[in-house]
Structures are given as C-alpha cells and as structure tokens.
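Overview (structure and organization)
The primary structure of each chain is shown beneath.
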Amino acid sequence: MIAPRHRSAALVALALLAAPATAQGLPQGAIASEVIRSGTAGLGYADLTDLVLAAPVIADATVRSVSRIKGVEAAGVAPDRVRLYVEVDVTALIRGAQGLPPRIGYLVDAPLDARGRAPNLKKTRVLVLARPVAGAIDQVQLVASDAQLPWTPETDSRLRTIAREVLAADAPPVITGVGNAFHVAGALPGEGETQVFLTTADQRPVSLSVLRRPGEQPRWAVALSEIVDEAAAPPARDTLLWYRLACALPATLPAHSTSALEAADAQVAQEDYSFVIAALGDCARTRR
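I will try to describe carefully the structure that is included in this document.

The rules behind these values
- Residues numbered from 1 in each chain as written.
- Predicted model: local features only at pLDDT ≥ 70, side-chain atom pairs only at ≥ 80, totals over all residues.
- Heavy atoms only, no water.
- Helix = DSSP H or I, 4+ residues; strand = E, 2+ residues; numbered from the N terminus.
- Salt bridge = Lys/Arg side-chain N within 4 Å of Asp/Glu carboxyl O.
- Buried < 20%, exposed > 50% of the residue type's maximum accessible area, 1.4 Å probe, protein only.
- Pairing = 2+ DSSP bridges.

This next bit is on unusual backbone geometry. The phi dihedral of Q203 is positive, around 70°, even though this residue is not glycine. For D238, which is not glycine, the phi dihedral falls at a positive 60°. Within the secondary structure, D238 sits in the loop between β10 (219-223) and α4 (240-246).

Here we take up the pattern of salt bridges. Scanning all chains against the criterion turns up 12 salt bridges. Across the pair D109 and R83 runs a salt bridge whose closest N-O atoms are separated by 2.8 Å. Note that D109 is positioned in strand β3 (residues 103-111) and R83 in strand β2 (residues 81-95), a separation of 26 residues in sequence. Accessibility expressed as a relative area gives 4% for D109, which makes it buried. For D89, the salt bridge identified is with R103, shortest N-O distance 3.0 Å. Of the two residues, D89 is situated in strand β2 and R103 in strand β3; the sequence distance between them amounts to 14 residues.

The pairing of strand β1 (residues 57-68) with strand β4 (residues 125-133) spans 6 bridges and is antiparallel. Bridge pairing links T62 to R125 in β4. The pairing of β1 with β2 spans 10 bridges and is classified as antiparallel. In the sheet register, S65 faces β2, and the bridge partner there is E87.

In structure tokens:
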C-alpha cells in the first residue's frame, strides 16, 4: 500500500491516468500510465518537438523518492509493469509560465526488470515534460508515455532550443492544409514558377514557391508573408519551420489545389510540389 503522505497526491494523479493526450502532434490516446522507455534519449527532432509542443511544463529534475502503488490503486497495470508515484526535485525550469515548486510528483507505469523488480529510479536525473494538475500545484501529469526522458547534455540542449523556437514571437504557424496552387510558364521551354498557398491555424500567410530555369536545378523557398522574397530559401532541417512543413504537408498536392488550372499547368504544379516534399525529407518520427 502506498505511504499515507503520498496517498492524496497519488490519487489526484491516478484520476488523470485515463486522460488522453490531445495536444497537437501527439497520437490520440497516449497516456501517462504507459511505459516510460529508457531509450528516448535518441529521439529525433520531430519526436522531441511533438513532446515540447504538448508540454506547458518542462523541467530538469532529479528523482528524490519512488513509492510503489499496489492494490486497487494499481488496477489496470499490465503484468510486466509496476505503477509508481515519483517525486522529483526540480533543478531547472525549461518551460513553465506559472513556475513550479521545488518538488513535484507524478505517476508512471514502469517496466519490471528481468527479475520482476521495479526499476531503481532514485537519484536519476530526468527531463520531465508535463502539464499542470488543477488544484494541486505540486502535481503534474506526463504528456505522453515517454515524456520522462533520461537527462543527457544533448537532450537537454535540444529541448531548450526547441522550446525557444516554439515560444519565439515570430514562431512559424501551425500548417493545417494546402490551398490553391498556381503555375506560370516562362518565355523559354522548361522555364516557369509555381506557387502553392498553405492554410494555417491562425490565418497567417505561408506559401511555397518553386522556380525553374533551363539548364539549372529547380530552386524552392517558403514565404511567411504575403510577399515572396527573392532571397528566401528553404528552411534548414531540424528547425521549427522545417517541422511545420515536413510533418504536416500531404505527400501529394490535393486535387482541389489545381482544379482551376489547365491540365499542363496542373501537372507541372504537382511535379514542383513533389520536388518540395522530396527536398524536405521524411518527418522521421520514431515514437509509438
């Protein structure tokens, strides 16, 4: 049975285990009661960005105590897992507008080792990505099953970089779809320009442009305003703008985007869009 001093806090957290993680970019139904995998330090940029976008609280912390939860309070735990109430001492707050107390707690269902024993997490340094619990300032809920990451200098640095990008005043908008596409042929064979307008969650303008000239490789760029800058360039990989495009755009140009174009122009627009998708590369998510 869980220690009395932890009971009320654990019961608050226990009630949240069935709450789905619905933040943008996370799989529906990801919950904090699933296994916290030890291999998450190798997650890619898209995986980490998914977690950061879902987490209003990100903390660098050290596990202070772990209490095993048994009996009815551990109902639904898989046979190869154990439900734990974890308390951590917060070393640094990476993200959190409302701040955090020096010590916070949360629940996790962790895998048993080969001998059927609970993992020894005490004194482990971790990175916690979570959401606050209403009415319990010292409690948080992990935003996903793998939202407790082993601390490494690299993972810490990457999370901080992503958090800065996400919170920046000029952060690129969320891409919700593809709007109209246009193609204008040039005076020479093989010359032309394609522009594809994207839809965004906050109605900010975003467009893709592809310029073709005879004897040259196609050039593409993304514009975050109504005006396409001639000096614009593709986004660097593993940046928030790259993520917004690579992880949101469909593989092919939707039919409605070219419905107003002549067949020949529609074909070129589709080819140019495919060129952009190939240049962006795979979003490369590895999380379940």
